[in-house]
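Summary of structural features
Below are the chains, spelled out letter by letter.
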Amino acid sequence: MYKETAKEVLDFIQKSPSCFHAIQEIGRQLRENGFEELRETDRWSIKKGGSYFTTRNGSSLIAFRVGKTLDDYHFQVTSSHCDSPTFKVKEKAELKGKGGYLQLNTEGYGGMICSSWMDRPLSLAGRVLVREGNTVTSRLVAFDRDLLIIPNVAIHMNRSINDGFAFNKQVDMLPLFSAGECGEDSYRELIAQELGVDPQSILGMDMYLYNRTAPSIWGAKEEFISSPKLDDLQCACTSLKAMIQAENDRCVTVYACFDNEEVGSGTKQGACSTFLRDVLQRINDGLGFDGEDYRRAVAGSFMVSCDNAHAVHPNHPEKTDAENCTWMNKGIVIKFSANQKYTTDGISCAVFAGLCWDAGVPVQYFANRSDSVGGSTLGNLSSQKVSMHTVDIGLPQLSMHSSYETAGIRDSQYMVDALTAFYRTNLHITDSEQMVLG
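It should be emphasised that the depicted structure is a prediction, and the values quoted were computed from it without experimental measurement.

This part is about the overall build of the protein. Of regular secondary structure, the protein possesses 9 helices and 22 strands. Judged by the C-alpha coordinates and their principal axes, the protein covers about 70 × 60 × 40 Å. Taking contacts inside the protein between residues at least 6 apart in sequence as the whole, the part at least 24 apart equals 76%. Taking the 43 positively charged and 55 negatively charged side chains of the protein as two groups, their mean positions are separated by 3 Å.

The next thing to look at is the sheet that holds strand β13 (residues 252–258). On the basis of which strands lie adjacent, the open sheet formed by 9 strands has the order β1-β2-β3-β13-β4-β14-β18-β16-β17 and mixed pairing. Of all strands in the sheet, those with a lone pairing partner are β1 (36–37) and β17 (363–366), marking the two edges. Docked against the sheet, helix α2 (residues 19–32) engages β1, β2 (51–56), β3 (60–66) and β13, running at close to 20 degrees with respect to β3. In the packing of helix α7 (residues 346–359) onto the sheet, the strands contacted are β14 (302–306), β16 (332–335), β17 and β18 (389–394), and the crossing angle to β18 comes to about 55 degrees.

Attention now goes to the packing of helix α1 (residues 2–14) against helix α9 (residues 411–424). Where α1 meets α9, the closest approach of the two axes is 7 Å, and the angle between their N-to-C directions is 90 degrees. Here α9 runs roughly perpendicular to α1, going by the angle between their axes. Of the residues in α9, those touching α1 at Tyr-2, Thr-5 and Val-9 are Ser-412, Gln-413, Tyr-414 and Val-416. In terms of residue class, the contact of α1 with α9 is made up of 4 nonpolar, 3 polar and no charged.

Here the focus is the environment of Gln-76. Tracing the backbone shows Gln-76 in strand β4 (residues 75–81). For the pair Gln-76 and Leu-427, spaced 351 residues apart in sequence, the C-alpha separation works out to 7.9 Å. In this structure, Gln-76 is in contact with Asn-248, Cys-251, Val-252, Thr-253, Val-254, Phe-302, Phe-422, Tyr-423, Thr-425, Asn-426 and Leu-427, ignoring residues within four places of it in sequence. Of note is the side chain of Gln-76, whose polar atom sits 2.9 Å from the side chain of His-74. Side-chain polar atoms of Gln-76 contact the backbone oxygen of Thr-425, separated by 3.0 Å.

Axis angle and axis distance: for two packed helices, these are the angle between their axes and the distance between the axes, and together they describe the pair. Two elements in contact, α1 and helix α4 (residues 230–245), have axes whose closest approach is 9 Å; the angle formed by their N-to-C orientations is 115 degrees. Remark: the crossing between α1 and α4 carries right-handed chirality. Taking contact as the criterion, the partners of Glu-8, Val-9, Phe-12 and Ile-13 in α1 are, on α4, Leu-230, Leu-233, Gln-234, Cys-237, Thr-238 and Lys-241. Tallied by class, the residues present in the contact of α1 with α4 amount to 6 nonpolar, 2 polar and 2 charged.

All right, on to unusual backbone geometry then. In this structure, Asp-232 follows Asp-231 across a cis peptide bond, with omega equal to 15 degrees. Tracing the chain through its elements places Asp-232 in helix α4. Within the chain, Asn-57 stands out as a residue other than glycine whose phi angle is a positive 65 degrees. Residue position: Asn-57 is located in the loop between β2 and β3. At Asp-185, a position not held by glycine, the phi torsion is positive, near 70 degrees.

Criteria and thresholds
Each chain has its residues counted from 1, following the order in which its sequence is written. In view of the model being predicted, local features appear only for residues whose pLDDT reaches at least 70, and side-chain atom pairs are presented and counted only at 80 or more, with totals across whole chains, interfaces and linings using the full set of residues. To obtain the side-chain values, all non-hydrogen atoms of the structure were used and water was disregarded. Secondary structure elements follow DSSP: runs of H or I no shorter than four residues count as helices, runs of E no shorter than two count as strands, and numbering proceeds from the N terminus. Whether two residues are in contact is decided by their heavy atoms, any of which lying within 4.5 Å being enough. Lys and Arg are tallied as positive, Asp and Glu as negative. Neither His nor the chain termini are counted. Where a charge lies is defined by one atom per residue type: Lys uses NZ, Arg uses CZ, Asp uses CG and Glu uses CD. Pairing between strands is defined by DSSP: at least two bridges between the two strands are required. Lines fitted to the C-alpha atoms define the axes, with helices restricted to the stretch that makes contact. Angles between their N-to-C directions range from 0 to 180 degrees. Note on angle classes: values under 35 degrees are labelled roughly parallel, values over 145 roughly antiparallel, values of 65 to 115 roughly perpendicular, and the remainder oblique. Basically, the charged four are Asp, Glu, Lys and Arg, the nonpolar ten are Ala, Val, Leu, Ile, Met, Phe, Trp, Tyr, Cys and Pro, and anything else, Gly included, counts as polar. For this analysis, a polar contact is any N or O atom pair within 3.5 Å, provided that within protein one partner can donate a hydrogen and the other can accept it, and provided that sequence-adjacent residues contribute only side-chain to side-chain pairs. Working rule for handedness: look at the near helix, and if it is turned counterclockwise from the far one by less than a right angle, call the crossing left-handed; if clockwise, right-handed.

What is shown is where atoms sit, not what they do.
Following this line, the structure appears as structure tokens:
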């Protein structure tokens, strides 16, 4: 079962070369499992026992399932994100060089490990805005072939490359597109040809590089998986799987997958936007509840913020705390931070750890070394708009923010089991310091 679930995750990632494609794939799976799509611009008709989802910007999605009885009306939410560090192609994309070289002009999106993008096959994926008459339509495109490479400078010409090299994204990280065969506007023409449209009908684009290296299950005992975008599509996929297979008639279960976590979440479709709040309020209104009911429901709600965590590095174990550290294939990671970079506190940890123990899922605990600063994630940002008890969790991985990351083969199934238990268990919050599991 561990291997099959890992294969499902890797297949999901291959179908998600951009955040837009990830949301498209999530929507496809939801429809196949009986979820009805609601557009934000339409009036919603919501019924008890119904399953629904809506999207914003084509790059964020929230799905929810309404209990049939709702005798303990509240929300149980998981959140993850679908974006990963990469390079975005600028609007004026082509850069001409000596000898006929043609490069694409890109800028960094998020905090990537630059060296991991070099000397490997890359391609392009994203969305294109096409004019059709008086209508502008969003079209997804992903080139299923090797189109680009970012070449390293030979060591003979850069003797300090192994001594610590500072990559300049405007100089060192530009992908090579042509050696001279492509002329002016070849980039736009290539995209138009792929979509079967006139190049002049393309009015805008959000195009990104993606790593073409195929995901892999590897190791002498097949203990590892490696792939682009494990952070955070591994969590997005496993929480989706749990959402689809779990039911809870006493509450409203919610699955949220946000864009733009890697650049701060402060967009209209990010975790810090009104998206989650808007959806929860519309659910409340659609079910005939009032404002007081909504505030009571949120006060009794719980969120699991799912974003991958750092495993102990085999070459550098000193980078992690001596005791509050995590290992691949040893279970779900509950993340702590005294400065509240993570939302976990004693209450939310106790609730989630209790659910995991009941489900037979191993739990690990992570905190950064006290002399280093870690990253942040979704939980605290979404709490600025919808405040509820939240725990930050993840799956342990190596090479976070590399273009090719590594995790354990068992942990995806652990996440599915833990989140299925979360969705199925009714969390009855009696006050700010007491909850009943069941």
